[in-house]
Structures are given as C-alpha cells and as structure tokens.
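# An overview of the molecular structure
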Amino acid sequence: MANDEKQATELFFWAFLVSVGALGLLDQLGVWLPFASISSIVGIPEDDMTLILLVLTLFSIIGLYTLSRDEEYHPHSIAWKNRESNPDQEPQKSEESEPEAEANWWQEKTE
C-alpha cells in the first residue's frame, strides 16, 4: 500500500473515531439521540447498532496502532508527523566531545 493510501486510511480512522465519539457525547448529554435515529434509518435495533459501532471502533483503533508501528509510513503519518523520524532536529553528539566531557567530570570530582 502506498503512503497516500495509508494516509487516507488513517484520516478515515480518525474521522470515524471522532464522529462516533461526538455522537456518543450527544447521546449521553441527551441533546440528540443519534443512535436511535441511525438505527431507525438503517433498520437495525439500537442495541445491535451500538455493538456494531463498538466493533468498528475497535477495528479503527487496531488500524491506527498498526499504522503507527509501520516504520516506512511513520514519517508521513498525520498524527505522528515529524516525531522521532527527523534526525536533523536532534543535536548530534560528536564522538570526540564525549571523552573530553568524561575527563572534565573526573577532574572536577577530584578537586
């Protein structure tokens, strides 16, 4: 799968999780009963609809976890963009500075 397809899949997973969370919040607050409305439109009982959305949410979380573990896609990810993948941002330690720092530490300690 190409990085563009993986990015579209990741965006779909995030959009699905946010929309299910928002619908659940609206349902919990009693502002609107979206699960009842959706179940009446689709023709599935509300309890089954909740179970189906729970399973799809679990698949979305597993999909996001799988994408986060993909080393090739990790630098292109929406959520993890430029984290731990850009070595230019981290200062590189030179091999020569470490022995000097250790020697200076020992001299400071003995004095």
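Another aspect to go through is the overall build of the protein. Along the protein, the regular secondary structure elements total four helices and zero strands. Seen in sequence order, the protein has helices and strands lined up from the N terminus as α-α-α-α. When burial is assessed residue by residue, the protein has 18% of its 111 residues classed as buried. Considering only intrachain contacts with a sequence separation of at least 6, the fraction spanning at least 24 residues in the protein is 52%. For the protein, the exposed area adds up to about 8800 Å²; of that, 59% sits on carbon and sulfur atoms.

What follows covers the packing of aromatic side chains. Here the structure, examined in full by the defined rule, presents two aromatic pairs. Relative to Phe-13, the ring of Phe-12 has its centre 6.2 Å away and its plane inclined at 50 degrees; by these criteria the two rings are tilted. The class of Phe-12 is exposed, set by a relative accessible area of 53%. Under the relative-accessibility criterion, Phe-13 is labelled buried at 16%. Between Phe-12 and Phe-16 the ring centres are 6.4 Å apart and the planes differ by 25 degrees, which places this aromatic pair in the stacked class. One end of the pair is Phe-12 and the other is Phe-16, both in helix H1 (residues 3-29) and four residues apart, which spans about a single turn. Here the aromatic cluster, defined as three or more aromatic residues joined through ring pairs, consists of Phe-12, Phe-13 and Phe-16.

To continue, consider the packing of helix H2 (residues 34-42) against helix H3 (residues 46-69). Two numbers describe a pair of packed helices, the interaxial angle and the distance between the axes. Running from N to C, H2 and H3 point in directions that differ by 105 degrees, and their axes come no closer than 9 Å. By the criterion of interaxial angle, the relationship of H2 to H3 is roughly perpendicular. Residues Phe-35, Ala-36, Ile-38, Ser-39 and Val-42 of H2 pack against Glu-46, Met-49 and Leu-53 of H3. Residues that form the contact of H2 with H3 fall into these classes: six nonpolar, one polar and one charged.

Here we take up H2. All of the buried residues in H2 are Pro-34, Phe-35 and Ser-39. One face of H2 carries all of its buried residues, which in axial projection span an arc of 125 degrees. Exposed and facing more than 90 degrees away from the buried side of H2 are Ser-40 and Ile-41. Next to the buried residues of H2 lie H1 and H3. The first or second residue beyond H2 is Gly-43, which carries a positive phi of 90 degrees.

Structurally, Ser-39 can be placed in helix H2. With relative accessibility at 8%, the residue Ser-39 sits in the buried group. Sequence-distant contacts of Ser-39, that is, excluding residues within four places in its chain, are made with Ile-44, Pro-45, Glu-46 and Met-49.

About the criteria used
Residues numbered from 1 in each chain as written. Predicted model: local features only at pLDDT ≥ 70, side-chain atom pairs only at ≥ 80, totals over all residues. Heavy atoms only, no water. Helix = DSSP H or I, 4+ residues; strand = E, 2+ residues; numbered from the N terminus. Buried < 20%, exposed > 50% of the residue type's maximum accessible area, 1.4 Å probe, protein only. Contact = heavy atoms within 4.5 Å. Areas by Shrake-Rupley, 256 points an atom, 1.4 Å probe, with all protein chains shown as cover. Phe/Tyr/Trp six-rings, centres within 6.5 Å; stacked < 30°, edge-to-face > 60°. Axes fitted to C-alpha atoms, helices over the stretch in contact; angles between N-to-C directions. Parallel < 35°, antiparallel > 145°, perpendicular 65-115°, else oblique. Nonpolar A, V, L, I, M, F, W, Y, C, P; charged D, E, K, R; others polar. Arc of directions from axis to C-beta.

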